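# Residue-level structure breakdown
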Amino acid sequence: YTKEVVELKDVLILVCVVSGIVMIKYIYIPIIGLLLFIPKHKINFRVDRKKIAVSMFGMLSMFEIGSKMTLITEAAAKNMQIRSDGLYKYSIGYVISNLGDTLIVVTRTVFEKISFFVESMIANPLGWVEIQLPNIIVLGFAIVLIFSAIPNHRSPKITKMMVTAGFIVVIVSGLVLAAMLISYTYVGADTILGVQGRYFLPVLPLVLLIVQGNKNIIVKNSIESELILAIIGLQLYTIWSIVSVVIMR
């Protein structure tokens, strides 16, 4: 971000990192759009950012489609699949035929579960939604994240970057909900089941980037040392809380 010249090895490193994130789950494929954040004037070799992004998107999409063919076939089947508990799962055909009811379920999920998504993304609960931590830990990490995103100087406007980041966040979040709707939720459920905050972690830095783009708030003096100390303290408190829970069990 701070280099005056971006070399080929820098782009290759970024490609590898983005590919690694995408390979975790196919829903993170839109993160490839991060490649477009590299300013043209910084690149000192002949390369088209859009061609790289499109090529990566195509290759990774084909790989994921091939590896998830069974799941895709089940989701696209005309007849809905039956879960192990005897309930019918959502299918693409059912969603298309009952689009209005599906949108209601999605909207209800967002409004009713957003607090849980944020809390579970940061720290609570941990594991397989089994370890409860004190709310002060969640609040502390949330404050640290917010202050870490506030710049200590007035940087140039990054409106285009903020819009791109927002677009990626919305698309990935939508894919998270869609994936759990098709693969896990049964027809008749009030909300989409199985969605956890950790699924949104890959786009959390983009949310902080959007916050950083706000030019109305800046920190006059650097608070990096204070943030580091706060993180260490919160991590130690978290470890102590986890150990306490495990010992009590």
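Notes on the structure in this doc start here. (Residues numbered from 1 in each chain as written. Predicted model: local features only at pLDDT ≥ 70, side-chain atom pairs only at ≥ 80, totals over all residues. Heavy atoms only, no water.)

### Thoughts on the overall build of the protein
The cut-off we apply is this: Working definition: helices are DSSP H or I runs of at least four residues, strands are E runs of at least two. Numbering for both runs from the N terminus. It only takes one pair of heavy atoms within 4.5 Å for two residues to be counted as in contact. Exposure was quantified through the Shrake-Rupley algorithm and a 1.4 Å probe, taking into account, for residues, occlusion by the shown protein chains and nothing else.
Looking only at helices and strands, one finds 9 helices and 0 strands in the protein. When the helices and strands of the protein are placed in sequence order, the string is α-α-α-α-α-α-α-α-α. Sequence-distant contacts in the protein: of pairs separated by 6 or more residues, those separated by 24 or more amount to 71%. Accessible surface, the protein: about 15,800 Å² in total, of which carbon and sulfur atoms supply 68%.

### Examining the packing of helix α6 (residues 135-149) against helix α9 (residues 224-248)
Basically, it comes down to this: For helices, the axis comes from a line fit to the C-alpha atoms of the stretch in contact; other axes are also lines fit to C-alpha atoms, and the angle between any two N-to-C directions lies between 0 and 180 degrees. Orientation labels follow simple angle bins: below 35 degrees gives roughly parallel, above 145 gives roughly antiparallel, 65 to 115 gives roughly perpendicular, and whatever is left gives oblique. We call a crossing left-handed when the near helix sits turned anticlockwise from the far one by less than a right angle, and right-handed when that turn is clockwise. Classification convention: Asp, Glu, Lys, Arg as charged; Ala, Val, Leu, Ile, Met, Phe, Trp, Tyr, Cys, Pro as nonpolar; all other residues, Gly among them, as polar.
Orientation of α6 relative to α9, taken along the N-to-C sense of each, is 155°, at an axis distance of 10 Å. In this view, α6 runs roughly antiparallel relative to α9, as classed from their interaxial angle. Crossing geometry of α6 relative to α9 is assigned as left-handed. Touching Ile136, Ile137, Gly140, Phe141, Val144, Phe147 and Ser148 of α6 are Leu227, Ala230, Ile231, Leu234, Gln235, Tyr237, Thr238 and Ser241, all from α9. When its residues are assigned to classes, the contact of α6 with α9 shows 10 nonpolar, 5 polar and no charged.

### A word on the side chain of threonine 238
Let me state the cut-off plainly: We call two N or O atoms a polar contact when they sit within 3.5 Å, provided that within protein one can donate a hydrogen and the other can accept it, with sequence-adjacent residues counted only if both atoms are side-chain atoms.
On the secondary structure map, threonine 238 appears in helix α9. A polar side-chain atom of threonine 238 sits 2.7 Å from the main-chain carbonyl oxygen of leucine 234. Other than its neighbours up to four places away in sequence, threonine 238 contacts Leu126, Leu133, Ile137 and Phe141.

### Concerning helix α5 (residues 99-122)
Quick note on the threshold: By definition here, a helix of n residues has an expected span of 1.5 Å times n minus one. At any given residue, the bend is defined as the angle formed between two axes, one fitted to the seven residues that end at that position and one fitted to the seven that begin there. Each residue is assigned to one of three classes by its accessible area relative to the maximum for its type, calculated with a 1.4 Å probe on protein chains only: buried under 20%, partly exposed between the two thresholds, exposed over 50%.
The terminal C-alpha atoms of α5, which comprises 24 residues, lie 32 Å apart, in line with the 34 Å expected from a rise of 1.5 Å per residue. Along its length, α5 shows its largest kink, about 60°, at lysine 113. All of the buried residues in α5 are Thr102, Val105, Thr109, Phe117, Ser120 and Met121. Residues of α5 that are buried in the fold lie against α4 (92-97), α7 (159-183) and α8 (204-212).

### A few points about a nonpolar patch on the surface
Worth spelling out the cut-off: Surface patches are defined over residues having more than 30% relative accessible area and no salt bridge, joining like charges when they lie within 9 Å and nonpolar side chains (Val, Leu, Ile, Met, Phe, Trp, Tyr) when within 5 Å. By definition, a salt bridge exists where a carboxyl oxygen of Asp or Glu is found within 4 Å of a side-chain nitrogen of Lys or Arg.
Side chains of Ile228, Leu229, Ile232, Leu236, Ile239, Val243 and Ile247 sit close together on the surface and give an oily, nonpolar patch of about 720 Å² of accessible area. Relative to the helices and strands, isoleucine 239 resides in helix α9.

### Describing the environment of leucine 177
Here leucine 177 is to be found in helix α7. In this structure leucine 177 comes out as buried when scored by relative accessible area, which is 11%. Expressed as a C-alpha distance, the spacing of leucine 177 and valine 110, which sit 67 residues apart in the sequence, is 9.2 Å. Dropping the residues within four chain positions of it, leucine 177 is found in contact with Val106, Thr109, Val110, Ile192 and Val195.

### Some points on the environment of valine 105
Relative to the helices and strands, valine 105 resides in helix α5. You can call valine 105 buried: its relative accessible area is 7%. In this structure, the C-alpha to C-alpha distance between valine 105 and alanine 189, residues 84 residues apart in sequence, is 7.9 Å. With residues near it in sequence (within four places) discarded, valine 105 still touches Tyr90, Ala189, Asp190, Thr191 and Ile192.

### Focus on the packing of aromatic side chains
Operational definition: Any two rings among Phe, Tyr and Trp, with Trp reduced to its six-membered ring, count as a pair given centres within 6.5 Å; such a pair is stacked if its planes are under 30 degrees apart, edge-to-face if over 60, and tilted if neither.
Taken as a whole and judged by the stated rule, the model has 4 aromatic pairs. Counting every residue linked through ring pairs, the aromatic cluster contains Phe116, Phe117 and Phe200.

### With respect to the nonpolar core
Test applied: Each nonpolar core is a collection of buried residues, namely Ala, Val, Leu, Ile, Met, Phe, Trp, Tyr and Cys, held together in the definition by side-chain atoms within 4.5 Å.
Counting residues in each nonpolar core, the largest one holds 43 residues, and the members touching the most others are Ile32 and Val195. Taken together, the elements giving at least two residues each to this core come down to α1 (8-24), α2 (49-67), α5, α7 and α8. It is α7 that contributes the most residues to this core, 11 residues altogether. Apart from residues lying up to four places away in sequence, isoleucine 32 is in contact with Val18, Val22, Ala53, Met56, Phe57 and Leu60. Judged by nonpolar contacts, the second largest core, of 9 residues, contains Ala123, Leu133, Ile137 and Val144.

### Quick look at α8
Regarding α8, the residues found buried are Leu204, Leu206, Leu208 and Leu209. Buried residues belonging to α8 abut α5, α6 and α7.

Function-wise, these values are silent; they only describe arrangement.
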